[in-house]
Amino acid sequence: MSYDLLIRGGSVVDGSGLPRFRADVGVIDGRIARIGRIRERAREVIDAEGHVVAPGFVDGHTHMDAQICWDPLGTCSSYHGVTSVVMGNCGFTLAPSRESERHLVVRNLERAEDIAAEAMAQGIDWTWETYREYLETLDGLPKGINYSGYVGHSALRTFAMGERAFEETAGPEDLVAMQRELRDALQAGAMGFTTSRTFNHQTSDDRPVASRLASWEEVRALVGVMGEAGGGLFEIANEDAPLSDPEAREEYFERLSALALETGVPITYGVGSSRHEPEGWRDWIDLMDSTAEQGGRMFAQVHARAFNVMISFKTRLPFDGLPSWRELRAQPLDAQAAALRDPATRARLVAAAYTEEYGEAVGAEARKPDFDWTYVMEDALGPHTSLADLAKQRGVDPVELMIDLALESDFDCWFVQAFANELPEQVLALMKHPRSVVTFSDSGAHVSQISDASIPTHVLGHWVRAAQRLTLEEGVRMLTLEPASAFGFHDRGLLREGLVADLVVFDPERVGPQLPEVVYDLPGGARRLLQRATGIAASVVAGQVLMRDGQHTGALPGRILRGPLARA
């Protein structure tokens with residue numbers, strides 16, 4: 001027997017959580033053909049001595065719906081060992097979209113997900129109207145990794161209602177049109193339906209995105225389409241009132257649980273912790289437990305570290321909207337440097353940071369700083385020192401310290417604002433909960449605000465190696481079998497003979513994220529954060545080596561992974 005690919009001499013961590021073992025892995029026709037001692041030849045060999053061989057990582061919460069049109073590699077996710085992603089979360093998709101109303105889809109995405117309208121205008125060749133046509137277009141695009149996608153509620157509403165989607169609830173004819181398109185999308189291969197009801201999703205002109213205008217009855221009717229069809233997953237960005245109001249929480253939980261029970265559709269949503277209510281996340285998990293006891297299914301999507309906004313003088317600062325800072329920040333960096341070295345200018349800016357009024361931050365936008373929870377990012381893994389502590393050590397004001405550090409580094413200095421998941425012990429408890437899945441990178445969105453495609457390498461570099469709070473087997477399982485099972489990728493997420501050969505080979509002593517950098521490589525030269533990884537020797541998609549030591553091999557083996565109704 002001759003193999004297409006042979007990965008020789010590695011420690012196999014197969015995704016199940018069982019102990020590692022030394023073995024070779026042989027691949028034929030894109031699938032794992034043999035795990036064990038292999039003496040036969042292969043067309044291509046990877047020497048995995050001293051490395052771990054694991055299933056490719058799965059990210060269930062991305063927004064690559066636009067990026068897939070111009071970035072075949074799915075960066076930055078592919079840099080961190082991710083081989084399959086789920087896009088279309090939070091109600092945001094590019095389809096369905098009528099030719100005359102594509103600007104309405106852009107309106108939903110531009111601020112809520114920080115995807116530049118200019119990039120979408122130049123990078124997307126709009127060849128579709130329906131979701132079925134969108135999938136057909138994606139089939140023909142070059143792809144390095146695998147993609148699966150939901151139908152987004154905001155796009156569905158604008159497809160049925162046009163401009164009225166931002167102004168009113170749906171009428172009977174509108175709802176019928178949405179149900180018809182959703183049904184066809186599911187049959188074509190959509191994996192489910194998503195919506196958003198959170199204040200964090202607004203348009204650039206400070207209006208709610210289209211899905212937030214929907215009544216709960218509209219949501220029920222659309223989720224009911226999946227129940228009637230017998231397949232699909234419902235993802236929701238939750239309402240805000242239940243986060244702080246116990247009565248609103250009880251009423252909302254009753255609605256969510258009833259929806260899961262009456263439709264039979266699995267429901268997933270994000271769950272995080274907060275320093276203001278460290279144990280508050282437990283109510284959301286208890287809802288999942290109680291729903292499961294009654295015969296429904298829910299699971300949580302959780303992060304692997306604090307939810308951090310990345311801020312820097314090269315990108316955005318919390319002070320950018322303040323009157324005294326606005327003129328400075330509109331200038332080139334060299335002019336800013338000169339102004340910041342002037343004592344009078346500096347004193348005025350520092351004072352303004354405490355006296356002028358901040359706008360309200362939405363989503364992952366930079367917000368009014370709390371310097372006890374704003375950190376200097378000395379390295380990618382942390383732990384990081386807060387600006388308050390470092391300023392105290394140096395005997396300076398925290399804003400003054402930010403200016404000093406920026407000037408000392410020629411503006412090549414990063415700060416992070418933690419706005420949720422601030423307490424590591426709570427984060428770890430959520431990660432280890434049996435009803436949670438580690439995901440939530442938001443890759444493809446917030447591209448100049450956050451840098452969370454590195455969740456896999458953070459799990460392996462921080463929680464497994466540095467903190468030693470997870471075994472290597474636990475960490476790999478969190479990144480492979482658990483998300484693959486939750487999102488329905490049953491031929492991936494494990495190293496088993498006969499399954500698809502999506503693999504990652506990494507050095508457990510080195511794997512981790514690098515510091516981000518600012519690049520201008522989006523269509524039209526738009527800005528984003530780029531973050532690479534260290535310690536990943538190779539990633540393999542469907543038996544073809546996609547990346548070697550962080551460099552693309554030229555292979556483009558990715559495909560669209562269709563949902564359960566299309567596979568039936």
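In the block above lies the structure referred to throughout.
All values reported here derive from a predicted model rather than from experimental measurement.

### Quick notes on helix H12 (residues 387-394)
Point 1. Listing the buried residues of H12 in full gives Leu387, Ala388, Leu390 and Ala391. For H12, the angular spread of buried residues about the axis comes to 170°, placing them on one side. Residues of H12 that are exposed and angled more than 90 degrees away from the buried face: Lys392 and Gln393.
Point 2. Contact partners of the buried residues in H12: strand S15 (374-376), strand S16 (385-386), helix H13 (398-408) and strand S17 (415-420).
Point 3. Positive phi shows up at Gly395, right after H12, with a value of about 70°.

### Re the sheet that holds S17
Point 1. With antiparallel pairing, the four strands of this open sheet are ordered in space as S14-S17-S15-S16. Strand pairing shows two members of the sheet lacking a second neighbour, strand S14 (307-311) and S16, which therefore form its edges.
Point 2. Looking at chain direction, S15 and S17 are connected through three bridges and run antiparallel. Counterpart to Tyr375 in the pairing with S17 is Val416.

### Examining the sheet that holds strand S6 (residues 57-59)
Point 1. The three strands lie next to each other as S6-S7-S8, forming an open sheet whose pairing is parallel. What marks the edges here is a single partner per strand, and that holds for S6 and strand S8 (146-149). Strand-to-strand twist in this sheet, taken as the mean axis angle between neighbours without regard to direction, amounts to 15°.
Point 2. Judged from the three bridges that link them, S6 and strand S7 (residues 82-87) form a sheet pairing that is parallel. Considered in S7, the bridge of Phe57 is made with Val82.

### A short note on the packing of helix H1 (residues 102-110) against helix H4 (residues 153-161)
Point 1. Direction vectors running N to C along H1 and H4 enclose 155°, while the axes themselves pass 10 Å from each other. It follows from the interaxial angle that H1 and H4 lie roughly antiparallel. Two packed elements cross with a definite hand, and for H1 against H4 that hand is right-handed. In this structure, H1 uses Leu104, Val105 and Asn108 to contact H4, whose residues at the interface are Ser154, Ala155 and Thr158.
Point 2. Residue composition of the contact of H1 with H4, grouped by class: three nonpolar, three polar and no charged.

### What about the pattern of salt bridges?
Point 1. Taken as a whole and assessed by the stated rule, the structure comprises 38 salt bridges.
Point 2. Here Arg22 makes a salt bridge to Glu49, at a shortest N to O gap of 2.8 Å. A residue pair is termed long-range when its members are at least 10 positions apart, and Arg22 in strand S2 (residues 21-28) and Glu49 in the loop between strand S4 (42-47) and strand S5 (52-55) qualify at 27 residues.
Point 3. The class of Glu49 is partly exposed, set by a relative accessible area of 47%.

### Structural notes on the environment of Glu235
Point 1. Considering the arrangement of structural elements, one finds Glu235 in strand S11 (residues 233-237).
Point 2. Given the relative accessible area of 2%, Glu235 is considered buried.
Point 3. Those residues within four positions of Glu235 in sequence are excluded, and the remaining contacts are His61, Asn89, Cys90, Tyr150, Phe193, Thr194, Thr195, Thr268 and Gln301.

### Looking at H1
Point 1. Most of H1 is tucked away: seven of the nine residues are buried.
Point 2. Every buried residue belonging to H1 is among Arg102, Leu104, Val105, Val106, Arg107, Asn108 and Leu109, and all of these are buried.
Point 3. For H1, the elements touching its buried residues are helix H2 (117-123) and H4.

### Topic: the side chain of Thr291
Point 1. Summarising the element assignment, Thr291 is placed in helix H8 (residues 281-293).
Point 2. For Thr291, a relative accessible area of 0% gives the class buried.
Point 3. Excluding residues that lie within four positions of it along the chain, Thr291 makes contacts with Ser257, Ala260, Leu261, Gly296, Arg297 and Met298.

### Let's talk about the packing of helix H3 (residues 131-140) against helix H5 (residues 172-188)
Point 1. Remark: H3 packs on H5, axes separated minimally by 8 Å, with the N-to-C direction vectors making an angle of 30°. In terms of axis orientation, H3 runs roughly parallel to H5. Contacts between H3 and H5 involve Tyr131, Arg132 and Leu135 on the former and, on the latter, Glu181, Asp184, Ala185, Gln187 and Ala188.
Point 2. Within the contact of H3 with H5, the residues separate by chemical class into four nonpolar, one polar and three charged.

### What about the layout of surface pockets?
Point 1. If you add up the space inside the second largest pocket, you get close to 600 Å³.
Point 2. Residue lining of the second largest pocket: 24 residues in total, with Arg316, Asp320, Gly321, Glu365 and Ala366 positioned closest to the centre.
Point 3. Class assignment for the residues of the lining of the second largest pocket results in nine nonpolar, four polar and eleven charged.

### As for the packing of aromatic side chains
Point 1. Enumeration according to the criterion identifies 15 aromatic pairs in this entry.
Point 2. Aromatic pair Trp216 and Tyr252: ring centres 6.1 Å apart, planes at 70°, arrangement edge-to-face. Pair noted here: Trp216 is in helix H6 (residues 216-229) and Tyr252 is in helix H7 (residues 246-263), with a separation of 36 residues, a long-range link.
Point 3. Of the residues examined, Tyr252 reaches a relative accessible area of 0% and is grouped as buried.
Point 4. One aromatic cluster is present, built from ring pairs that chain together Trp216, Tyr252, Phe253, Tyr269 and Trp284.
Point 5. Sitting over the ring of Trp216, Arg255 keeps its end group 4.8 Å from the ring centre.
Point 6. Sitting over the ring of Tyr79, Arg532 keeps its end group 4.4 Å from the ring centre.

### Things to note about a negative patch on the surface
Point 1. A cluster of acidic side chains, namely Asp245, Glu247, Glu250 and Glu254, defines a negative patch on the protein surface.
Point 2. Mapped onto the fold, Glu254 is located in helix H7.

### Section: empty space enclosed by the protein
Point 1. Across all of its chains, the model carries five cavities of 30 Å³ or more by this definition.
Point 2. What the largest cavity holds in volume is close to 160 Å³.
Point 3. In terms of lining residues, the largest cavity is bounded by 17 residues, among which Cys76, Ser443, Gly444, Val447 and Leu529 are the most central.
Point 4. Class assignment of the residues belonging to the lining of the largest cavity gives a composition of six nonpolar, eight polar and three charged.

### Side note on the environment of Tyr269
Point 1. The residue Tyr269 is located in strand S12 (residues 267-270) in this model.
Point 2. For Tyr269 and Ala300, which are 31 residues apart along the polypeptide, the C-alpha to C-alpha distance reads 5.4 Å.
Point 3. In this structure the side chain of Tyr269 is engaged in a polar contact, spanning 3.2 Å, whose partner is the backbone oxygen of Trp284.

What counts, and at which threshold
- Residues numbered from 1 in each chain as written.
- Predicted model: local features only at pLDDT ≥ 70, side-chain atom pairs only at ≥ 80, totals over all residues.
- Heavy atoms only, no water.
- Buried < 20%, exposed > 50% of the residue type's maximum accessible area, 1.4 Å probe, protein only.
- Helix = DSSP H or I, 4+ residues; strand = E, 2+ residues; numbered from the N terminus.
- Arc of directions from axis to C-beta.
- Contact = heavy atoms within 4.5 Å.
- Pairing = 2+ DSSP bridges.
- Axes fitted to C-alpha atoms, helices over the stretch in contact; angles between N-to-C directions.
- Parallel < 35°, antiparallel > 145°, perpendicular 65-115°, else oblique.
- Left-handed = near helix turned anticlockwise from the far one by under 90°.
- Nonpolar A, V, L, I, M, F, W, Y, C, P; charged D, E, K, R; others polar.
- Salt bridge = Lys/Arg side-chain N within 4 Å of Asp/Glu carboxyl O.
- 1 Å grid on protein atoms, 1.4 Å probe; cavity = no way out; pocket = protein on both sides within 12 Å on 5 of 7 lines; lining within 4 Å.
- Points joined across faces, edges and corners; volume = space filled by probe spheres on them.
- Phe/Tyr/Trp six-rings, centres within 6.5 Å; stacked < 30°, edge-to-face > 60°.
- Lys NZ or Arg CZ within 6 Å of the ring centre and 35° of its normal.
- Patch = residues over 30% accessible without salt bridge, like charges linked within 9 Å, V, L, I, M, F, W, Y side chains within 5 Å.
- Areas by Shrake-Rupley, 256 points an atom, 1.4 Å probe, with all protein chains shown as cover.
- Lys, Arg positive; Asp, Glu negative; His and termini not counted.
- Charge placed at Lys NZ, Arg CZ, Asp CG, Glu CD.
- Polar contact = N/O pair within 3.5 Å; in protein donor to acceptor, adjacent residues only side chain to side chain.

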